[in-house]
Amino acid sequence: QVQLVESGGGLVQAGGSLRLSCAASGSIFSINVMGWYRQAPGKQRELVAVLTTGGSTNYAESVKGRFTISRDNTNNTVYLQMDSLKPEDTAVYYCNAAGTSAPDLARLEVWGQGTLVTVSS
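All of these numbers come straight from a predicted model, not from anything done at the bench.

A. Local environment of the overall build of the protein chain. Per the secondary structure count, the protein chain includes 0 helices and 11 strands. Mapped in sequence order, the helices and strands of the protein chain form the string β-β-β-β-β-β-β-β-β-β-β. Computed over the C-alpha atoms, the radius of gyration of the protein chain is 14 Å, within 12% of the 14 Å expected from 2.2 N^0.38 for a compact globule of 121 residues. Considered along the principal axes of its C-alpha atoms, the protein chain spans approximately 50 × 25 × 20 Å. Taking all 121 residues of the protein chain together, the buried fraction comes to 44%. Long-range pairs, those at least 24 residues apart, make up 55% of the contacts in the protein chain with a sequence separation of at least 6. Split by element, the accessible area of the protein chain, about 6300 Å² in all, is 48% carbon and sulfur.

B. Local environment of the pattern of salt bridges. Counted according to the given criterion, the structure contains 5 salt bridges. We note a salt bridge from R66 to D89, for which the minimum N-O separation is 2.7 Å. With a gap of 23 residues between them, R66 in the loop between β6 (57-59) and β7 (67-72) and D89 in the loop between β8 (77-82) and β9 (91-101) connect regions that are remote in the sequence. For the pair R66 and D89, a shared accessibility class is recorded, and that class is buried. With its nearest N and O atoms 3.7 Å apart, the salt bridge here joins R107 to E109. Owing to a relative accessible area of 67%, R107 belongs among the exposed residues under this scheme. For E109, a relative accessible area of 44% corresponds to the partly exposed category. What you see here is one network of salt bridges that share partners, running through R38, E46, R66 and D89.

C. The arrangement of the sheet that holds strand β1 (residues 2-7) in detail. Across the sheet, 4 strands lie side by side as β1-β3-β8-β7; this open sheet has antiparallel pairing. The open sheet is flanked by β1 and β7, the only strands paired with a single partner. Along the sheet, successive strands turn relative to each other by an average axial angle of 15°, direction set aside. Relative to strand β3 (residues 18-26), β1 is paired through 6 bridges, and the arrangement is antiparallel. Residue E6 lies in a different strand from β3, and its bridge partner there is C22.

D. Representation of the packing of aromatic side chains in the model. Considering all chains together, one arrives at 1 aromatic pair under this definition. Lying across the ring of Y79, R19 places its NZ or CZ 4.1 Å from the centre.

E. Summary view of the environment of R45. Within the fold, R45 resides in the loop between β4 (28-39) and β5 (46-52). You can call R45 partly exposed: its relative accessible area is 35%. Sequence-wise, R45 and A102 are 57 residues apart; in three dimensions their C-alpha atoms are separated by 29 Å. Ignoring anything within four residues of it in the chain, the contact list for R45 reads Y37, R38, Q39, Y94 and W111.

So, how was this worked out
Residues numbered from 1 in each chain as written. Predicted model: local features only at pLDDT ≥ 70, side-chain atom pairs only at ≥ 80, totals over all residues. Heavy atoms only, no water. Helix = DSSP H or I, 4+ residues; strand = E, 2+ residues; numbered from the N terminus. Rg over C-alpha atoms; globule rule 2.2 N^0.38 Å. Buried < 20%, exposed > 50% of the residue type's maximum accessible area, 1.4 Å probe, protein only. Contact = heavy atoms within 4.5 Å. Areas by Shrake-Rupley, 256 points an atom, 1.4 Å probe, with all protein chains shown as cover. Salt bridge = Lys/Arg side-chain N within 4 Å of Asp/Glu carboxyl O. Pairing = 2+ DSSP bridges. Axes fitted to C-alpha atoms, helices over the stretch in contact; angles between N-to-C directions. Phe/Tyr/Trp six-rings, centres within 6.5 Å; stacked < 30°, edge-to-face > 60°. Lys NZ or Arg CZ within 6 Å of the ring centre and 35° of its normal.

Scope: geometric values only; no functional claims are made or implied.
So, in structure tokens, the structure goes:
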């Protein structure tokens, strides 16, 4: 099995910063894509940012220029640096990883348990 463990959420004032971390562990052969999604109350889960092993990124328009995704491929860890936070960034943030499991080389996709980010005005 593969698990994702997230950390770094919390309460911050508007304009502040937070850094989320997500570490993958378990029966991993390779992870191709790691990313962050979020779900605000009453809304659907949406993509925030994703990063491939090769370094390609994709950001939601609403976070471009404020959030930065990075990854430690050696440790299968992904980070989300969130700056200039706004109240509308308040949500539960979920880590996601997609790749191949070991030893069966089956396709894997796993979600973290979520971490709450609250931005006060």
